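Reading the structure
Here is what each chain is made of, one letter per residue.
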Amino acid sequence: MANGWYILHTYAGYEGKIERTIRSLIERNELSSDVVLDVKVPVEDVCEVKDGKKKVVTKKFLPGYIMVEMNLPDLGWKDVCSTIRRIQGVTGFVGTGSNERPRPISADEAKNLLRKSGDIKGDKPIRVHQSYSVGEKVKIIGGSFNSFVGLIEEVLADKNKLRVAINFFDRTIPVELDIVQVEKI
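**A closer look at the side chain of aspartate 45**
- Among the secondary structure elements, aspartate 45 is positioned in strand E3 (residues 43–50).
- A polar contact of 3.1 Å, which involves the side chain of aspartate 45, links it to the side chain of threonine 58.

**Topic: the pattern of salt bridges**
- Going through the model one piece at a time under the given rule, you end up with 10 salt bridges.
- Shared partners join several salt bridges into a network, and the residues in it are Glu19, Arg23, Asp38 and Lys40.

**Topic: the pairing of strand E8 (residues 137–140)**
- Going residue by residue along E8, you find Val138 and Ile140 tucked away on one face and Lys137 and Lys139 left uncovered on the opposite face.
- One ladder, built from three bridges, connects E8 with strand E9 (residues 149–156); its direction is antiparallel. Note that in E9 the partner of valine 138 across the bridge is glycine 150.
- Where E8 and strand E12 (residues 182–184) come together, three bridges link them in antiparallel fashion. Counted as the bridge partner of isoleucine 140 is valine 182 from E12.

**Observations concerning the confidence of the model for the protein**
- Of the residues in the protein, 92% reach a pLDDT of 70 or more, and the chain-wide mean stands at 87.
- Of all secondary-structure elements in the protein, the lowest mean pLDDT belongs to strand E7 (residues 127–129), at 63, while helix H1 (residues 15–27) reaches the highest, 95.

**Things to note about the sheet that holds E12**
- Taking strand neighbours across the sheet as the criterion, the five strands line up as E11-E10-E9-E8-E12 in an open arrangement whose pairing is antiparallel. Both outer strands of the open sheet, strand E11 (171–178) and E12, are each paired with one neighbouring strand and no more. Averaged over all neighbouring strand pairs, the angle between strand axes comes to 45°, with direction disregarded.
- Pairing analysis gives eight bridges linking strand E10 (residues 161–168) to E11, with the strands arranged antiparallel. Each residue of the ladder has a partner; that of phenylalanine 168, found in E11, is arginine 171.

**Topic: the nonpolar core**
- Counting residues in each nonpolar core, the largest one holds 22 residues, and the members touching the most others are Leu8, Ile22, Val36, Met70 and Ile84.
- Residue assignment for this core shows that the elements contributing at least two residues are strand E1 (2–10), H1, strand E2 (36–40), strand E5 (65–72), helix H2 (77–85) and strand E6 (90–93).
- If you look at the next biggest cluster of nonpolar residues, it comprises 11 residues, including Val138, Ile140, Ile166 and Ile179.

**Section: the side chain of glutamate 69**
- With respect to the helices, strands and loops of the structure, glutamate 69 is situated in strand E5.
- Lacking a salt bridge, the buried glutamate 69 has lysine 40 as its closest oppositely charged neighbour, with an N-O distance of 7.4 Å.
- Contacts of glutamate 69, omitting those with residues within four sequence positions, involve Asn3, Gly4, Trp5, Val35, Val36, Leu37 and Asp38.

What counts and how
- Residues numbered from 1 in each chain as written.
- Predicted model: local features only at pLDDT ≥ 70, side-chain atom pairs only at ≥ 80, totals over all residues.
- Heavy atoms only, no water.
- Helix = DSSP H or I, 4+ residues; strand = E, 2+ residues; numbered from the N terminus.
- Polar contact = N/O pair within 3.5 Å; in protein donor to acceptor, adjacent residues only side chain to side chain.
- Salt bridge = Lys/Arg side-chain N within 4 Å of Asp/Glu carboxyl O.
- Buried < 20%, exposed > 50% of the residue type's maximum accessible area, 1.4 Å probe, protein only.
- Pairing = 2+ DSSP bridges.
- pLDDT = per-residue confidence, 0-100.
- Axes fitted to C-alpha atoms, helices over the stretch in contact; angles between N-to-C directions.
- Core = buried A, V, L, I, M, F, W, Y, C linked by side-chain atoms within 4.5 Å.
- Lys, Arg positive; Asp, Glu negative; His and termini not counted.
- Contact = heavy atoms within 4.5 Å.

Listed below in structure tokens is the structure:
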């Protein structure tokens, strides 16, 4: 048996329905709980800023894909995989044809996906949905420079930060701010 995480390709928007269907098949003993261990739709928390108000929403970061943890037997793997492939909305396992044994993703890839979705303890980053670009004017709405107006010099998307040039005592100084601390003018 080969225990690992497999990526299942689905129609976009069907991820939740397919996850519930797989769980239902396990409950009805049509799929063994010893073979299909877990099913996850990879989601992350995204902070959206609109009109100066922050709102954290949960969004799929791999739309059209589901993670399935399986302990596939050497004999009988075709029955398990064909049962999953026959679910409405499933197009197949990533990286394999319909008559091939699916290949699991690497342990590091699985760990990164599970950490990003918050299923593994550690820092679960909250990604900020941003639509800022260099040269835009913004108003600072939080922190030490509250109510100052500045010009974006650099967008640091991987850190969810902006470098903003503000006028402070007739001098232009760069300030690094979280994206949630500014709003467009």
